[in-house]
Amino acid sequence: MQTNNIQKVGQVAVPVLDITRSIHFYKDVLGLQLLFNTDNMAFLNCNGLRILLSLPEKDEYTKASSIIYFQVENITEAYEELKDRGVAFIDSPHIIAKMEGTETWMVFYKDSEGNTHALMSEVAAS
């Protein structure tokens, strides 16, 4: 069943244990724009998608992270650049799927708080 009420993802929340450390990682290492922050949360912009870094309100939310897939044009270049900045990658860029002349590539990493996220790139199949 499809609904016409949902238009887009407006915000993704990521639980963090240290606001200062996580702001540094997402702003200075990944290069996202910091919109504003308080003592227990920070809002960043990723090309119109808002990322909320937040200290969990309850212990049960401490490791309840979703995986954010950051789209990049050239996954190999982005991987090398972020690796040079100290990002802890779990694997190397690899192909996930080929669909209708398009290859989807991904590489997974850990952020400063231990959350798993990924870079993804969709390119014309070779």
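Further up the page is the structure itself.
Residues numbered from 1 in each chain as written. Predicted model: local features only at pLDDT ≥ 70, side-chain atom pairs only at ≥ 80, totals over all residues. Heavy atoms only, no water.

1. Some points on the nonpolar core
Move 1: Counting residues in hydrophobic clusters, the biggest one holds 26 residues, and the most contacted among them are Tyr26 and Leu119.
Move 2: Those elements that provide at least two residues to this core are strand 1 (11–15), helix 1 (19–29), strand 3 (41–46), strand 4 (49–54), helix 2 (75–84) and strand 8 (102–110).
Move 3: Among the elements that make up this core, the one with the highest residue count is helix 1 (five residues).
Move 4: The residues touching Leu119, leaving out its near neighbours within four places in the chain, are Phe70, Val72, Ile75, Ala78, Tyr79, Leu82, Phe89, Trp105, Met106, Val107 and Tyr109. (Core = buried A, V, L, I, M, F, W, Y, C linked by side-chain atoms within 4.5 Å. Buried < 20%, exposed > 50% of the residue type's maximum accessible area, 1.4 Å probe, protein only. Helix = DSSP H or I, 4+ residues; strand = E, 2+ residues; numbered from the N terminus. Contact = heavy atoms within 4.5 Å.)

2. With respect to the packing of aromatic side chains
Move 1: Across all of its chains, the model carries six aromatic pairs by this definition.
Move 2: Taking the centre distance of 6.4 Å and the plane angle of 35° together, the rings of Phe25 and Tyr109 count as tilted. Within this pair, whereas Phe25 is found in helix 1, its partner Tyr109 is found in strand 8, the two being separated by 84 residues in sequence. Per residue, the accessibility class of Phe25 equals that of Tyr109, and both read buried.
Move 3: Members of the aromatic cluster, each reached through a chain of ring pairs, are Phe25, Tyr26, Tyr79, Phe89 and Tyr109. (Phe/Tyr/Trp six-rings, centres within 6.5 Å; stacked < 30°, edge-to-face > 60°.)

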